[in-house]
Amino acid sequence: TYPARADDGYGLWLGPAADTATGAEIEVPRRSPTIDRAAAELRRSLPHLPAAVMLATSNASHLVMLDLDTRALGHEGYLIREVKIGNRPVILVTGNSDVAVLYGAFSLLRHVRAGESTAAINIASAPAIPLRLLNHWDNLDGSVERGYAGQSLWDWWTLPDFKDPRYDDYARANASIGINGTVLNNVNAKAESLTAPYLARAAALADVFRPWGIRVYLTARFSAPIELGGLKTADPRDPAVAAWWQAKADEIYRLIPDFGGFLVKANSEGQPGPRDYGASHADGANMLAAALRPHGGTVLWRAFVYADTDPTDRAKQAYSEFRPLDGKFADNVIVQVKNGPIDFQPREPVHPLFGAMPRTRLAAEFQITKEYLGFATHLAYLGPLFEEALDTQTGQARGQTVAATLGAISGVANIGRDRDWAGSTFNQANWYAFGRLAWDPKLSSQTIAREWSRQTFGNDAQVTDTVTAMMLRSREAVVDYTGPFGLAHLFGPDHHYGPGPWIADLKRPEWNPVYYHRADSDGIGFDRTASGSNAIGQYAPTIAARLARPETTPPQFLLWFHHLPWTYPMPGGETLWSAMVRRYDHGVAEVEAMRKQWATLKSRVDAERWAKTDAYLGIQAREARWWRDASLTYWMSLNHLPLPAGSPPPA
Ligand code: GCU
């Protein structure tokens, strides 16, 4: 680490710490660790306002006279309203718990920092999804799986004795966007994370996070009773196994009384699980749930089951295994489903399990870290990706969106020890957008982009407009240069960074990109209709009917669901091949456009953040070309078609 500078991105969207007291008048009738943090937050950056600000829970005696109805706010919702107390105007920030007041304080700050007036302010807001979690894929050796912002924040060597002040900064940033839980370690879990020394370290972090309303969760390796307990089996139906987990849960709650629970990856990519013993996912999840139940904990059981059991279509595995278990999970189990059926691609249709398990609590799992979208270097604002999935109609119940089916939402964190936390300034926006949408999935990704820009770069309108415009085109650009029209998983295996659509020689069929695009001299795309894998049969009938025919399939998913001739006529009349080439070119052109836009801000954005973003856009421009040229060259080696007139030849 090097010394802090005012503009190095450490302060995230909360900005650099003000050097002097701001002069805002803050009243706190009752103090608590959480309310104190809310007050400190306002003192540190709220400017002097015409009225004093009062931070108080709804049961405070001062508020009795006001007769506020706060029932609709639930436990975490807040109300910010100008009221009269005695004869004085006061900006009241209230809610039914201390953490609600904290959320309200951050909301007031966002409002003021965006340049909005507080006259007659009246904002009420409650979270739509009760559990809003980050999932860290952090390993105990300090590395981060698919993390691109340096080593893990958690320094297991110096915990629990030393609590790096950065842990507090982390929790503060999360609280500011409503995150209320964090899973500390990788889904590819090591049993050691459940041993006494690691539990003491997790407890130290939990102590730091608690006043910010954030609970700690841990991943649980299903075979831990064997590895740590010396048992011969981890069969969930064995009473000795259940007893081991019960004792482990009791031990954890003695150290962390508000422990959130376990996240489990079982029987996927080589991880142990109940299926090793002929038991079901429900048997496994319910056994862990019983251990946590007396303490109020939750099991997040992942539906990402990727095994070689059904090589015909990897996209079907989760639904095939989980849909039959609907209604069989205990009520403190949440089945955590990735946003799409394969694996965090730049674009996927939504997972068919959303809406299809009405008797099961579901979580949506998104990747904030950009494993398949250019790691930390490429600029890809994920707000539109999150929004697109959350707003999709499931077709299972009238008007039901994916967001409406959720009891929890998880984002695989993009946070590491880099000074700017996320590896780039614009990656911070993905962390921000995840939190804001988890709180309110009805917010638009455009609104969030503008809001983030103003919090991050200030209120210069030209900056806000330009940054927002760059953000809104960025994700689609990545889709276009990596795989338009629903092509997916064409990445170099293992690293998932550059192109590798030609790779065909790996042991298992679905490890090879050729499995996903199925291109040959005649055509391209994965037939998932009844004549192919029939994955469309996993969607609600109205949706499946639309996906059955290429003409009624949304173009962005065309080749995800259909195998089509290269000469297939697209809606505008051009051939599929020509349309594909145009999209690849468009992706490259969009990155050039972002570069130009950023260049116009050189004198309006601080030098350090400007220069890093500029350099990264240069990398992205080069690599967008690499993607386009490598992909087109490979497709042309199969289809022997010329480039349409007007396209630049691959380099
Ligand atoms: C992807 C990712 C892995 C990760 C897995 C998961 O396959 O590449 O690193 O372990 O997802 O979600 O479990």
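Residues numbered from 1 in each chain as written. Predicted model: local features only at pLDDT ≥ 70, side-chain atom pairs only at ≥ 80, totals over all residues. Heavy atoms only, no water.

**Topic: the sheet that holds strand β8 (residues 215-219)**
Stated formally: The pairing criterion for strands is at least two bridges between them, as found by DSSP. Each helix corresponds to a stretch of at least 4 residues labelled H or I by DSSP, and each strand to a stretch of at least 2 residues labelled E; elements are numbered beginning at the N terminus. Axes here mean lines fitted to C-alpha atoms, for a helix over just the part in contact, with angles spanning 0 to 180 degrees between N-to-C directions. Contacts are residue-level and defined by heavy atoms, with any inter-residue pair within 4.5 Å sufficient.
An order of β6-β7-β8-β9-β10-β11-β12-β13 is seen for the eight strands of this closed barrel, with the pairing classed as parallel. Strand-to-strand twist of the sheet, defined as the mean angle between neighbouring strand axes without regard to direction, takes the value 25°. Judged from the six bridges that link them, strand β12 (residues 361-367) and strand β13 (residues 406-412) form a sheet pairing that is parallel. Bridging across to β13, Gln-367 finds its partner in Val-412. Most of the contacts of helix α4 (residues 196-209) go to β8, to which it runs at about 150°, and overall it touches β7 (181-183) and β8.

**Observations concerning the side chain of Arg-302**
As a reminder, the rule being used: The buried label applies to any residue whose accessible area, calculated with a 1.4 Å probe on protein chains only, is under 20% of its type's maximum; exposed applies above 50%, and partly exposed to all values in between.
Tracing the chain through its elements places Arg-302 in strand β10 (residues 298-302). Classification of Arg-302 by relative accessible area gives buried; the value is 1%. If sequence neighbours within four positions are ignored, Arg-302 has contacts with Trp-137, Val-187, Leu-263, Val-264, Lys-265, Phe-322, Gln-336, Lys-338 and Glu-365.

**Some words on the site of the ligand**
The condition is simple: Nearness of a residue to a molecule or strand requires only that one of the residue's heavy atoms be within 4 Å of it. Here a polar contact means two N or O atoms within 3.5 Å. Within protein one must be a hydrogen donor candidate and the other an acceptor candidate, and residues neighboring in sequence count only if both atoms are side-chain atoms. Per-residue and other accessible areas were derived by the Shrake-Rupley procedure at a 1.4 Å probe size, with only the shown protein chains allowed to occlude residues. Think of it as three bins: nonpolar holds Ala, Val, Leu, Ile, Met, Phe, Trp, Tyr, Cys and Pro, charged holds Asp, Glu, Lys and Arg, and polar takes everything else, Gly as well.
Not every one of the 13 residues close to the ligand is listed here, only the nearest: Glu-145, Lys-265, Arg-302, Lys-338 and Glu-371. A distance of 2.5 Å separates an oxygen atom of the ligand from a polar side-chain atom of Glu-371. Expressed as a share of its isolated accessible area of 320 Å², the protein-covered part of the ligand is 97%. Class assignment for the residues of the shell around the ligand results in three nonpolar, two polar and eight charged.

**Section: the pattern of salt bridges**
Which entries qualify depends on this criterion: Salt bridges are counted wherever a side-chain nitrogen of Lys or Arg sits within 4 Å of a carboxyl oxygen of Asp or Glu.
For the coordinates displayed, the defined rule picks out 39 salt bridges. Here Arg-172 and Glu-41 are joined by a salt bridge, their closest N and O atoms 2.7 Å apart. Pair noted here: Arg-172 is in helix α3 (residues 165-176) and Glu-41 is in helix α1 (residues 33-45), with a separation of 131 residues, a long-range link. Arg-172 sits in the buried class, given a relative accessible area of 8%. Linked through salt bridges whose partners overlap, the residues forming this network are Arg-347, Glu-388, Arg-475 and Glu-476.

**A few points about the domain arrangement of the protein**
What counts, and what does not: Residue ranges labeled as domains rest on an automatic or database domain assignment.
By domain assignment, the protein separates into domain 1 (12-125), domain 2 (131-443) and domain 3 (458-526 + 563-651). Measuring from the centre of the C-alpha atoms in domain 1 to the corresponding centre in domain 3 gives 45 Å.

**As for unusual backbone geometry**
In this structure, the amide linkage connecting Leu-159 to the following residue, Pro-160, adopts the cis form with an omega of 0°. Inspection of the secondary structure puts Pro-160 in the loop between β6 (131-135) and α3. Located in the positive-phi region is Leu-12, a residue other than glycine, with phi close to 55°. Tracing the chain through its elements places Leu-12 in the segment before β1 (26-27). Even without a glycine there, the phi angle at His-489 is positive, about 60°. Mapped onto the elements, His-489 comes out in the loop between α12 (461-482) and α13 (513-517). Residue His-489 is classed as buried on the basis of its relative accessible area of 10%.

**Some remarks on empty space enclosed by the protein**
A probe matching the size of a water molecule, rolled over the atoms, marks out where space remains unfilled. To be explicit about the condition: In this analysis a 1.4 Å probe is tested at points of a 1 Å grid over the protein atoms alone, and where it fits but cannot get out there is a cavity; an open set with protein on both sides within 12 Å along at least five of seven lines is a pocket; lining residues have an atom within 4 Å of a point. Grid points are joined across faces, edges and corners, and a volume is the space filled by probe spheres set on the points.
The full count for this structure, using the stated rule, is nine cavities of 30 Å³ or more. When its volume is computed, the largest cavity comes out at roughly 100 Å³. If you go around the largest cavity, the residues you meet are Ala-303, Phe-304, Val-305, Tyr-306, Arg-314, Gln-317, Ala-318, Lys-338, Gly-340, Pro-341, Ile-342 and His-351.

**Examining the environment of Ala-171**
If you trace the backbone, Ala-171 turns up in helix α3. Each C-alpha atom of the pair Ala-171 and Ala-330 lies 30 Å from the other, and the pair is 159 residues apart in sequence.

**Focus on the nonpolar core**
As a reminder of what qualifies: Residue types Ala, Val, Leu, Ile, Met, Phe, Trp, Tyr and Cys, when buried and joined through side-chain atoms within 4.5 Å, form a set referred to as a nonpolar core.
Ranked by size, the top nonpolar core spans 188 residues in total, and within it Leu-55, Phe-209, Trp-245 and Trp-635 carry the most contacts. Ranked by residues supplied to this core, first place goes to helix α16 (residues 576-599) with 10 residues. Judged by nonpolar contacts, the second largest core, of 15 residues, contains Tyr-306, Tyr-516, Leu-547 and Trp-560.

**Focus: the packing of helix α10 (residues 425-439) against helix α11 (residues 445-457)**
Condition: Angles are sorted into four bins: roughly parallel if under 35 degrees, roughly antiparallel if over 145, roughly perpendicular if 65 to 115, and oblique for all others. Crossing handedness is read from the near helix: turned anticlockwise from the far helix by less than a right angle, it gives a left-handed crossing, and turned clockwise, a right-handed one.
Across the interface, α10 lies against α11 with an axial gap of 10 Å and an inter-helix angle of 125°. Taken together, the axes of α10 and α11 lie oblique to each other. In this structure, α10 crosses over α11, and the sense of that crossing is right-handed. Here Thr-425, Phe-426, Gln-428, Ala-429, Tyr-432, Ala-433, Arg-436 and Leu-437 of α10 lie close against α11, whose contacting residues are Ile-448, Glu-451, Trp-452, Gln-455, Thr-456 and Phe-457. Counted by class, the contact of α10 with α11 contains eight nonpolar, four polar and two charged residues.

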